[in-house]
Protein chains: 4
Amino acid sequence: MKKRGLASDNYAGTFPEMIEAIEQCNKEHARSYGYDSKTEEAIKEFEKIFGPEINVSFVFNGTGANVLGISCVTQSHNGVLCADQSHLYVDESTAPEVFTGCKYFPLKTNSDGKIEPETIRKAVTRRGDEHHPQINTCSITQPTEYGTAYTLEELTEIGRTLNEMDIIFHMDGARLYNAALALNCSFQQMTRDVGVDILSFGGTKIGLLFGEAIVFFDKNLSKNLKYKQKQSMQLPSKMRFISAQFLRLLSDDLWKRSASHSNKMAQRLYNGVKDIPHIKITRPVQSNVVFAIIPTEWNTPLIDHTPFYVWREQTNEVRWMCSFDTTEEDIDDFVNQIKKLADKS
Amino acid sequence: MKKRGLASDNYAGTFPEMIEAIEQCNKEHARSYGYDSKTEEAIKEFEKIFGPEINVSFVFNGTGANVLGISCVTQSHNGVLCADQSHLYVDESTAPEVFTGCKYFPLKTNSDGKIEPETIRKAVTRRGDEHHPQINTCSITQPTEYGTAYTLEELTEIGRTLNEMDIIFHMDGARLYNAALALNCSFQQMTRDVGVDILSFGGTKIGLLFGEAIVFFDKNLSKNLKYKQKQSMQLPSKMRFISAQFLRLLSDDLWKRSASHSNKMAQRLYNGVKDIPHIKITRPVQSNVVFAIIPTEWNTPLIDHTPFYVWREQTNEVRWMCSFDTTEEDIDDFVNQIKKLADKS
Amino acid sequence: MKKRGLASDNYAGTFPEMIEAIEQCNKEHARSYGYDSKTEEAIKEFEKIFGPEINVSFVFNGTGANVLGISCVTQSHNGVLCADQSHLYVDESTAPEVFTGCKYFPLKTNSDGKIEPETIRKAVTRRGDEHHPQINTCSITQPTEYGTAYTLEELTEIGRTLNEMDIIFHMDGARLYNAALALNCSFQQMTRDVGVDILSFGGTKIGLLFGEAIVFFDKNLSKNLKYKQKQSMQLPSKMRFISAQFLRLLSDDLWKRSASHSNKMAQRLYNGVKDIPHIKITRPVQSNVVFAIIPTEWNTPLIDHTPFYVWREQTNEVRWMCSFDTTEEDIDDFVNQIKKLADKS
Amino acid sequence: MKKRGLASDNYAGTFPEMIEAIEQCNKEHARSYGYDSKTEEAIKEFEKIFGPEINVSFVFNGTGANVLGISCVTQSHNGVLCADQSHLYVDESTAPEVFTGCKYFPLKTNSDGKIEPETIRKAVTRRGDEHHPQINTCSITQPTEYGTAYTLEELTEIGRTLNEMDIIFHMDGARLYNAALALNCSFQQMTRDVGVDILSFGGTKIGLLFGEAIVFFDKNLSKNLKYKQKQSMQLPSKMRFISAQFLRLLSDDLWKRSASHSNKMAQRLYNGVKDIPHIKITRPVQSNVVFAIIPTEWNTPLIDHTPFYVWREQTNEVRWMCSFDTTEEDIDDFVNQIKKLADKS
């Protein structure tokens, strides 16, 4: 396998800073399951970022964060709205169903991969009808699976729509950092301020060794959080080692360097290929990923050169995902390879 | 909080060797979700220890390992036997029920905390009766919650009993290392050779940063493992960082140094207090823990000195758990504190 | 098979009056799923019996009533207390676990099969501890599985205990009618007045064709009832046919004739056999059932004569259950058969 | 409320013959939970209809039949395909998710409400990929929610498609009788012969008091049926009263009279309104239902006259459902009412 590819940002390892942070808190004993001082410190850092009166915890992985968050606010007769290509809908096996009992309704998105308020409004039907799941939560991915970022205006409109219909606003922010830079806004502006109630705040993909955060902006919604976290097998005994990583990630702008770099690499790739004949860029490049339709016969030689995934077989739309450790050389080398193929075509 | 206490082995941090192992595999990209070469290497190490034709995977935590293992071999109308004080029964919230649907039947144990074959035999009732859960799995903890180790003879007898009744043998080996030293036997002798079908093989409590292993000795039982692992939210995207830790733990006898040390510290503590009036040692000291009944009025001053848990309030039975980083000074200091209290009593 | 046996009251058919009641409401169309006028009438009858401000619905079977009731007041991280020989614990497969996610803790009962308040108090542990299921509901069977009836004083004491600990009081009243006669009290005195929150009110065993009722004495607890009822597949489309049966059962004292008769038959049986050598009556005879230990060699000839169940194989304790259609001749004939066996022994 | 409406066939009561059948088997005692001779007889009747080597049981309601059938052949990491307007998808709350854990994927149907083989083929993706539910079952409704009947050719093609992809063929036949007459074929031809593995065979809507049947054509798939039936709270204790009804329904062509009558009433209605201006018949009328788009302002006066449901608010498509007790006068009266409205428009 090539040293670094464009398959996924979870193929990358972790920042040396994360290992350092772990080392530094690997001293003496600390209470387990989150009752330690490092976790307390990390929570304070979150309060700086998102404001007071929040409820934060740290979990193992992204599926866990999504499912745990939703399980805190749903009962088993509820329904949940989400994009039809969202990770929650197509990449988390049946974890959402098994742990919450709810039905997940797939919403069509526009060509940018975004859910439109009108789509939500039409999907919320049969309230009070016991024969139909009672929709009470909507999950939005920011940035979307296509790497596009909902604007603050779009988020505000979604938040208003959900609020009017008394529906809980869940945000899957596995790569929220990249969207924050794309929109040039704070995390709070993009979440709490637009009405988000529960946030899955990514860790692994930005460069942690492991660990994701879950943030509730309304403590009433999270009153069963600790019970559900244990029950969903997402309560780390040595939580301090995740807390330490988040603390480091957030407190010295490491996240900014990481996300800014991977975003730039995606732009560099975009700029390198956008004018090449036979390639069609399919989605606006707003974060750390480029989607393109390429000739099918390029797949094998290109993937051999640098691994990546074919996203949609029908159209041969491929996904090129940059990570914190993608180098300019990696990109240039890949672009050159594409150019060679283009020349031969 | 005191530097090191006797509350739990998961209050301890991790070995420097674990951090080193992570650092060493923090290079380049690797396929996520276990399809990497480090995981492959770690699996080979497990095959050296347990023999060929096994199925191994790495998960986040102990509850996850137990529940995932059981979920692979049960259907929701099944019943599972386990000790009434087992972690599975009293310390994993309702994760076992939610994820498997099964009913867990609590078995009385003898004073050593061990389940006797006769108890199992009597508990398996109403087979073929659709009104009653169909018991098909029995979970044994080695060493037990009381730190006692089932002998090979006892395990063999349990294995034979379960086999005769066509019941799957699950072993919760969160601290299996300590039992291996207590029995002076290999891991294989204590598991596969006595008929264990599925093993939760601990990592966190022996000193990993995070991570547990799950081992199936019969591949037929594990054919849905990868699906259940994802579904139970126990599939780490950067699995290589758990694999690397297990590899290091097992390949250079680090586990032996760790478990041997914590076992010795428990013996040192036992020897230090066994003849002190007012203290009654309640369970044989065979691994890294001492259980004792002490005067209730000692609780506050002693816990202030060195944190530990009261295990049974009714009798004021306390648990003193040693870990890989417990020092001789910690123990001697604690024993002296007890002696001071004894002198005053 | 013999015309009538002593195996179970659900081996009996139904009252002619029930068929008549169905016939009478088999006219024209009625809204389905409980929105019909017959159901409305039946609910009013329940309000006469239990007082105002209740929430009543009708379901298919007893397991459904129990599980549905509990599902309305629990979340999946909760625990539920019940007698270790209760129908809920040993005769409803894993329906309670699958549908509620909760863990069910089996409580020891006294020799009358009753749970004592002290047992409840000791069982409620580790509140606020996320590692342990949070017990919030206790289910009491009236009359018990052994046919004994909790006195009003005993129920009041249980109600007070549960109330003090903020635990919901569920009553499984599959044969509540027989207890009402045994205690010579009203249904309300035995349920609402002693603090019961949710009642499974039997139908099938007293003589309905099919159907059970579920009664909530606190509307706050039942706000999801209709959703849970549909979700648990216990929402009959032609509910009016259950409602009509309950209406008839309750409004003309049919229930009293039925329960009084089956209670009398049990007394007649008790009186017939209590002085026979070799027979030991094991439980007070307070409703429509007699428990006795008989010589094992009598099982075959007696069951051939009149079917019944061996309740506990270890002691050869047998259960003789009377139903609304048991005749005096049935009992006398059975007693004579026993006397013949006794003479030969 | 009007005597009889067009709202639903479950607003109708039951045949006098059903009550008679119940009366006739209301004699003496019978073993409960399906171990009685009447159930045995009914099963033999099913074997006459569907051929030998089947597994049949009787349950309370249609949701129960669907969910129980699917739960016998799925594990919780599986996915199930069904029409996006199917009862299973939109009218059974979250019972399917809660009881099976599976994800249900909604398939688009053609304008007749039928799933096309090509749609199935495209929906089955990511086999062997643990991140995605593993689709192993497809549920087809015959006749469809729009009252159209898949032809034998269409069913054969679906059966072949599913068989090729090793997917289990479930059929929801809540109104299978009406389709049998529409296609002029036997039940076996429409189910077992085209590859159906599991059939929900309706009872309530054709005119039973209560009760549905579930039929497995492959005994290997049903080996856990009795356990799942109890667990899903769908095991009637006095099953004989359902068996007796099915026996009567099937053995003397009562089903044929019923379905033939309701089909004819739908045709009569169709003929009465098809040429009326302002009305657009939207689906082929092949069973006992007519779908039509009518002017919105007609809703109130028409529903006041004869109750029915608006099926799709967007287009004001309404559903007129005939039942066994719909009379020619009912239809003519309703048609006249429509004509009056049409005249005024």
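Fair warning: this is a prediction, and the values are worked out from it, not measured in the lab.

What follows concerns the overall build of chain A. Secondary structure summary: chain A contains 14 helices and eleven strands in total. Rg of the C-alpha trace for chain A: 20 Å, near the compact-globule value of 20 Å for 345 residues, within the 12% margin. By principal-axis analysis of the C-alpha atoms, chain A measures approximately 60 × 55 × 35 Å. Going through the 345 residues of chain A one by one, you find that 67% of them count as buried. Taking contacts inside chain A between residues at least 6 apart in sequence as the whole, the part at least 24 apart equals 75%. A total accessible area of about 11900 Å² is found for chain A, and carbon and sulfur atoms account for 45% of it. With 39 positive and 45 negative side-chain charges, chain A shows a separation of 2 Å between the mean positions of the two kinds.

The subject of this paragraph is the interface of chain D and chain B. In many reports, interface size means the accessible area that the parts give up when they come together. Listed by partner, the interface residues are 17 residues for chain D and 17 residues for chain B. Taking both partners together, chain D and chain B bury about 1800 Å²; carbon and sulfur atoms supply 47% of that area. In this structure, the connection of chain D to chain B is made through two salt bridges. Where Lys226(B) meets Glu130(D), a salt bridge forms, and the shortest distance between an N and an O atom there is 3.8 Å. Taken together, the connections running from chain D to chain B amount to twelve residue pairs in polar contact (both at pLDDT 80 or more). Looking at the side of chain D that touches chain B residue by residue, the classes come out as four nonpolar, eight polar and five charged.

The two faces of a sheet get side chains in turn, since along a regular strand they alternate between them. All names here are of chain A. With six of six residues buried, strand S2 (residues 78–83) lies mostly within the body of the structure. Two elements, S2 and strand S4 (residues 134–141), share five bridges in a ladder whose sense is parallel. Each bridged residue has a counterpart across the sheet, and for Val-80 the counterpart in S4 is Thr-137. In this structure, S2 lies alongside strand S3 (residues 103–107), joined through five bridges in parallel fashion. If you follow Gly-79 over to S3, its bridge partner there is Lys-103.

Glancing now at the interface of chain A and chain B. Facing the 51 residues of chain A at the interface are 52 residues of chain B. Taken as a group, His29(A), Met233(A) and Lys238(A) account for 19% of the area that chain A buries against chain B, more than any other trio of residues on that side. The interface formed by chain A and chain B includes zero salt bridges. In this structure, the connection of chain A to chain B is made through 34 residue pairs in polar contact (both at pLDDT 80 or more). Elements that contribute at least two residues to the side of chain A that touches chain B include exactly helix H1 (16–25), helix H3 (62–73), helix H5 (95–100), helix H10 (225–231) and helix H11 (240–251) of chain A.

Let's shift gears to the relation of the copies chain D and chain B. By a simple turn and slide, chain D fits onto chain B: the slide is 0.0 Å along the axis, the RMSD is 0.0 Å, and the turn is 180°. As the rotation angle and translation indicate, the two copies are arranged about a two-fold axis. Residues of chain D ranked by C-alpha distance from the rotation axis are headed by Gln75(D), positioned 3.9 Å from it. When you check the interface residues of chain D against chain B, 100% turn up at the interface there too, and the contact is symmetric in its surfaces.

So, about the domain arrangement of chain A. Residues and elements named next belong to chain A. One can read the domain layout of chain A as domain 1 (16–251) and domain 2 (254–344). The gap between the C-alpha centroids of domain 1 and domain 2 is 28 Å. In this complex, domain 1 contributes 22 residues to the contact, which on the side of domain 2 involves 22 residues. When domain 1 packs against domain 2, close to 1900 Å² is buried across both sides, 58% of that on carbon and sulfur atoms. At the surface where domain 1 touches domain 2, the tally comes to one salt bridge. A salt bridge links Glu-17 to Arg-257, with the nearest nitrogen and oxygen atoms 3.9 Å apart. Listed by contribution, the elements that provide at least two residues to the side of domain 1 that touches domain 2 are H1, helix H8 (176–183) and H11. Per element, the largest residue contribution to the side of domain 1 that touches domain 2 is five residues, and it comes from H8. Looking at the side of domain 1 that touches domain 2 residue by residue, the class counts come to twelve nonpolar, five polar and five charged.

Residues and elements named next belong to chain A. The full count for this structure, using the stated rule, is 94 aromatic pairs over all chains. Ring centres 5.7 Å apart and planes at 80° place the aromatic pair Phe-291 and Trp-311 in the edge-to-face group. Of this pair, Phe-291 sits in strand S9 (residues 289–293) while Trp-311 sits in strand S10 (residues 309–312); the two residues are 20 residues apart in sequence, bridging distant segments of the chain. Through pairs of rings, three or more aromatic residues link up here, namely Phe-46, Phe-50, Phe-58, Tyr-177, Phe-187, Phe-201, Phe-217, Phe-246 and Trp-255. Taking NZ or CZ as reference, Arg-283 lies 3.6 Å from the ring centre of Tyr-146, over its face.

What follows concerns the nonpolar core. Counting residues in hydrophobic clusters, the biggest one holds 149 residues, and the most contacted among them are Phe201(C) and Phe201(D). Once you skip the residues sitting within four places of it in the chain, Phe201(C) turns out to touch Phe46(C), Phe50(C), Gly173(C), Leu176(C), Tyr177(C), Phe187(C), Glu212(C), Ala213(C), Val215(C), Phe246(C) and Leu250(C). By size, the runner-up hydrophobic cluster in this structure holds 148 residues, among which are Phe105(A), Val124(A), Leu162(A) and Ile167(B).

Once that is clear, we can look at the relation of the copies chain A and chain B. Of the transformation superimposing chain A on chain B, the axial component is 0.0 Å and the angular component is 180°, with the fit at an RMSD of 0.0 Å. Of the interface residues in chain A, 100% have counterparts in chain B that sit at the interface too, so the contact is made through matching surfaces.

Inspection of every chain in the model, using the stated rule, returns 80 salt bridges over all chains. Taking the shortest distance from any N to any O, the salt bridge between Asp330(A) and Arg4(A) comes out at 2.6 Å. Within this pair, whereas Asp330(A) is found in helix H14 (residues 328–344), its partner Arg4(A) is found in the segment before H1, the two being separated by 326 residues in sequence. Ionic pairing is found between Glu20(D) and Arg248(D), a salt bridge with its closest N-O pair at 3.2 Å. With a gap of 228 residues between them, Glu20(D) in helix H1 (residues 16–25) and Arg248(D) in helix H11 (residues 240–251) connect regions that are remote in the sequence. Take Glu20(D): its relative accessible area is 36%, and that puts it in the partly exposed class. Within this structure, Glu118(A), Arg121(A), Glu157(A) and Arg160(A) form a network of salt bridges that share partners.

Moving on, we get to the environment of Val290(B). Residue and element names in this part refer to chain B. Topologically, Val-290 is positioned in strand S9 (residues 289–293). Put simply, Val-290 and Gln-188 are 102 residues apart on the chain and 26 Å apart in space, counted from C-alpha to C-alpha. Setting aside residues up to four positions removed in sequence, Val-290 forms contacts with Ala-266, Leu-269, Tyr-270, Ile-281, Val-285, Val-318, Arg-319 and Trp-320.

What follows deals with the packing of helix H12 (residues 254–273) of chain C against helix H14 (residues 328–344) of chain C. All names here are of chain C. Axis separation between H12 and H14 bottoms out at 10 Å; the angle between their running directions is 20°. With respect to H14, the element H12 is oriented roughly parallel. H12 and H14 meet at a crossing whose hand is right-handed. Here Met-265, Arg-268, Leu-269, Gly-272 and Val-273 of H12 come into contact with H14, specifically with Glu-328, Ile-331, Asp-332, Phe-334, Val-335, Ile-338 and Lys-339. For the contact of H12 with H14, the per-class residue count stands at seven nonpolar, one polar and four charged.

Scoring rules and cut-offs
Residues numbered from 1 in each chain as written. Chains lettered and ligands numbered in written order. Predicted model: local features only at pLDDT ≥ 70, side-chain atom pairs only at ≥ 80, totals over all residues. Heavy atoms only, no water. Helix = DSSP H or I, 4+ residues; strand = E, 2+ residues; numbered from the N terminus. Rg over C-alpha atoms; globule rule 2.2 N^0.38 Å. Buried < 20%, exposed > 50% of the residue type's maximum accessible area, 1.4 Å probe, protein only. Contact = heavy atoms within 4.5 Å. Areas by Shrake-Rupley, 256 points an atom, 1.4 Å probe, with all protein chains shown as cover. Lys, Arg positive; Asp, Glu negative; His and termini not counted. Charge placed at Lys NZ, Arg CZ, Asp CG, Glu CD. Buried area = accessible area lost by both parts, 1.4 Å probe. Salt bridge = Lys/Arg side-chain N within 4 Å of Asp/Glu carboxyl O. Polar contact = N/O pair within 3.5 Å; in protein donor to acceptor, adjacent residues only side chain to side chain. Nonpolar A, V, L, I, M, F, W, Y, C, P; charged D, E, K, R; others polar. Pairing = 2+ DSSP bridges. Least-squares fit on C-alpha atoms with pLDDT ≥ 70 in both. Domains from an automatic or database assignment. Phe/Tyr/Trp six-rings, centres within 6.5 Å; stacked < 30°, edge-to-face > 60°. Lys NZ or Arg CZ within 6 Å of the ring centre and 35° of its normal. Core = buried A, V, L, I, M, F, W, Y, C linked by side-chain atoms within 4.5 Å. Axes fitted to C-alpha atoms, helices over the stretch in contact; angles between N-to-C directions. Parallel < 35°, antiparallel > 145°, perpendicular 65-115°, else oblique. Left-handed = near helix turned anticlockwise from the far one by under 90°.

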